[in-house]
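# Structural features, examined
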Amino acid sequence: MTTFETISAKVRAGQRISADEALFLFNSNDLLAIGELAAQANERKNGRNAYFNVNRHINPTNICVNRCAFCAFSRTAGEEGAYTLALDEICRRAEEAEREGATEVHIVGGLHPELPFEFYEEALAAIRRVAPSLHIKAFTAVEIEYFSRISGLSIEDVFKRLISAGLGSMPGGGAEILVEEVRQKICPEKISGARWLEIIRLAHLAGLKTNATMLYGHLETAAERVAHMELLRTLQDETGGFQAFIPLAFQPENSDLKLDIKGTSGLDDMKTLAIARIFMDNFDHIKAYWIMLGEKIAQVSLAFGVNDLDGTVVEEKIGHDAGAQSPQSLTKEGIIRLIKKAGKTPVERDTLYHPIRSF
Ligand code: V47
Ligand code: SF4
């Protein structure tokens, strides 16, 4: 019979817990016990260190042919608020980021009906020219699949071309919930969960590190969250190409998902992050994305198994278009203060988790 004690004994012995055991934890309200277990699992991997990076997000366009029901960021071409950045503007933002001490640009956007694949290739090459020290973390598996469709290139060739233009790694977006039944309700136009996993597998085979996200707090069940995490854990066993797992708390404003919810609760956020740490035993990093969680929840999560707070971001659109109440940007000093007050050692990292400096 599953009890908290049997799960706890496994985790303390460094053994993997099953999907049923993870579900047992979701059904428990003993947040402190779950958090303590997650904190131990994290400390074994990361000691007292908590990572952050200095980065800037750039979203080249919000025009998207998909229009996922949960997404308040996307627009149809011609709709009010639709935009596409010119290459010059993308370069200006990257240059400014480098000048202000960023080590990374994080680039994701909508699936634009007219921009050719070469636009994205040129954007990477241009960023590399104007800001050569920046690591370019760009494009979700959903965008990569779209590039293959619009260019007629294979996924492998899309990766080859983007890597030679300057792509350094990939963020973890587009995963949402990988279980098809949920996916059909929240983003029916998007590539399937199986296809998302396949493209990420090909990214790892091409030598790219990626992250993985999970959009939670809409109409998925706890069992579906666990199934999502299990699919990622299985792929990680195979490739080892994932760096961080990032649960993204759903922001409900301005979305077409007509749910009677006001966003996730602090308890659910904390439990989800802690269970992710315990269950995803082959992921080194569990990231609390402070943009969606708010600074306070993100800070407290450092005591519940989290070891990464993402970055300075500078300008955030996806969460804020959906009503996120967090600021657009945190300064490096702000993140350092937040981590220190939580009793951890702030470590600035580069995109690939090489430490740059401890504070
Ligand atoms: O895939 C869209 C999510 C993702 C909403 O890899 C929403 O380091 C909440 O993936 N409420 C894009 N979430 C952002 C993303 C990300 C962010 C930070 C770091 C990394 C990383 C990746 O944003 C989308 C989708 O899952 N999203 N709408 C919403 N209303
Ligand atoms: Fe487009 Fe991505 Fe928004 Fe879906 S989540 S509508 S694919 S920008």
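Anyway, here's the lowdown on the structure attached to this text. (Residues numbered from 1 in each chain as written. Chains lettered and ligands numbered in written order. Predicted model: local features only at pLDDT ≥ 70, side-chain atom pairs only at ≥ 80, totals over all residues. Heavy atoms only, no water.)

### Quick notes on the site of ligand 1
Around ligand 1 there are 22 residues in total, and Lys137, Gly172, Gly174, Glu176 and Lys287 lie nearest to it. Here Phe70 contributes a backbone N or O atom positioned 3.1 Å from a nitrogen atom of ligand 1. Between an oxygen atom of ligand 1 and a side-chain N or O atom of Lys137, the distance comes to 2.8 Å. Surface burial for ligand 1 is 96%, taken as the share of its 620 Å² of free accessible area covered by protein chains. At the level of secondary structure, the elements contributing two or more residues to the shell around ligand 1 comprise β6 (210-216) and β7 (242-249). Across the shell around ligand 1, the residue classes tally to eleven nonpolar, seven polar and four charged. (Near = heavy atom within 4 Å. Polar contact = N/O pair within 3.5 Å; in protein donor to acceptor, adjacent residues only side chain to side chain. Areas by Shrake-Rupley, 256 points an atom, 1.4 Å probe, with all protein chains shown as cover. Helix = DSSP H or I, 4+ residues; strand = E, 2+ residues; numbered from the N terminus. Nonpolar A, V, L, I, M, F, W, Y, C, P; charged D, E, K, R; others polar.)

### As for the pattern of salt bridges
Applying the stated criterion across every chain yields a total of 27 salt bridges. Between Glu121 and Arg161 there is a salt bridge, with its nearest N and O atoms 2.6 Å apart. Of this pair, Glu121 sits in helix α5 (residues 117-130) while Arg161 sits in helix α7 (residues 155-165); the two residues are 40 residues apart in sequence, bridging distant segments of the chain. Taking relative accessible area as the criterion, Glu121 reaches 15% and is therefore assigned buried. Notably, a salt bridge pairs Asp310 with Lys287, separated by 2.7 Å at the nearest N-O pair. Of this pair, Asp310 sits in strand β9 (residues 308-311) while Lys287 sits in the loop between β8 (285-286) and α12 (290-293), and the two are 23 residues apart along the sequence. Three or more residues are tied together by salt bridges with common partners; here these are Arg56, Glu89, Arg92, Arg93, Glu96, Glu315 and Lys317. (Salt bridge = Lys/Arg side-chain N within 4 Å of Asp/Glu carboxyl O. Buried < 20%, exposed > 50% of the residue type's maximum accessible area, 1.4 Å probe, protein only.)

### A word on the pairing of strand β2 (residues 55-58)
Burial of the side chains of β2 extends over both faces: Asn55 and His57 are buried on one face and Arg56 and Ile58 on the other. One ladder, built from four bridges, connects β2 with strand β3 (residues 104-107); its direction is parallel. Each bridged residue has a counterpart across the sheet, and for Asn55 the counterpart in β3 is Glu104. Once the chain exits β2 it traverses helix α4 (residues 87-99) before rejoining the sheet at β3, and the crossover so formed is right-handed. (Pairing = 2+ DSSP bridges. Right-handed = clockwise from strand over helix to strand, strands pointing away.)

### Remarks on the environment of Lys287
Given a relative accessible area of 1%, Lys287 falls into the buried group. Counting along the chain gives 213 residues from Lys287 to Ser74, while the straight-line C-alpha distance between them is 25 Å. The residues contacting Lys287, other than those within four sequence positions of it, are Lys137, Asn211, Ala244, Phe245, Ile246, Pro247, Leu273, Asp308, Leu309, Asp310, Arg349 and Tyr353. At a separation of 2.7 Å, a polar atom in the side chain of Lys287 contacts the side chain of Asp310. (Contact = heavy atoms within 4.5 Å.)

### What to know about the packing of helix α9 (residues 193-205) against helix α10 (residues 222-239)
One can describe the packing of α9 onto α10 by two numbers: an axis separation of 11 Å at closest approach and a directional angle of 25 degrees. Taken together, the axes of α9 and α10 lie roughly parallel to each other. Along this stretch, α9 crosses α10, giving a crossing that reads as right-handed. Residue-level inspection shows Trp196, Leu197, Ile200, Arg201 and His204 of α9 in contact with α10, the latter providing Leu231, Leu232, Leu235, Glu238 and Thr239. Partitioned by chemical class, the residues of the contact of α9 with α10 number six nonpolar, two polar and two charged. (Axes fitted to C-alpha atoms, helices over the stretch in contact; angles between N-to-C directions. Parallel < 35°, antiparallel > 145°, perpendicular 65-115°, else oblique. Left-handed = near helix turned anticlockwise from the far one by under 90°.)

### Describing the site of ligand 2
Around ligand 2, the neighbouring residues are Cys64, Asn66, Arg67, Cys68, Phe70, Cys71, Ser74, Gly110 and Lys190. Along the lines of polarity and charge, the residues of the shell around ligand 2 split into four nonpolar, three polar and two charged.

### Some points on the sheet that holds β7
Strand pairing in a sheet is mediated by backbone hydrogen bonds. Such pairs are either parallel or antiparallel. If you walk across this open sheet you meet the three strands as β6-β7-β8, and the pairing is parallel. At either margin of the open sheet sits one strand with a lone partner, and together these are β6 and β8. Where β6 and β7 come together, six bridges link them in parallel fashion. Each residue of the ladder has a partner; that of Thr210, found in β7, is Phe242. Each of β6 and β7 is contacted by α10, which is oriented at about 170 degrees to β6, the strand it contacts most.

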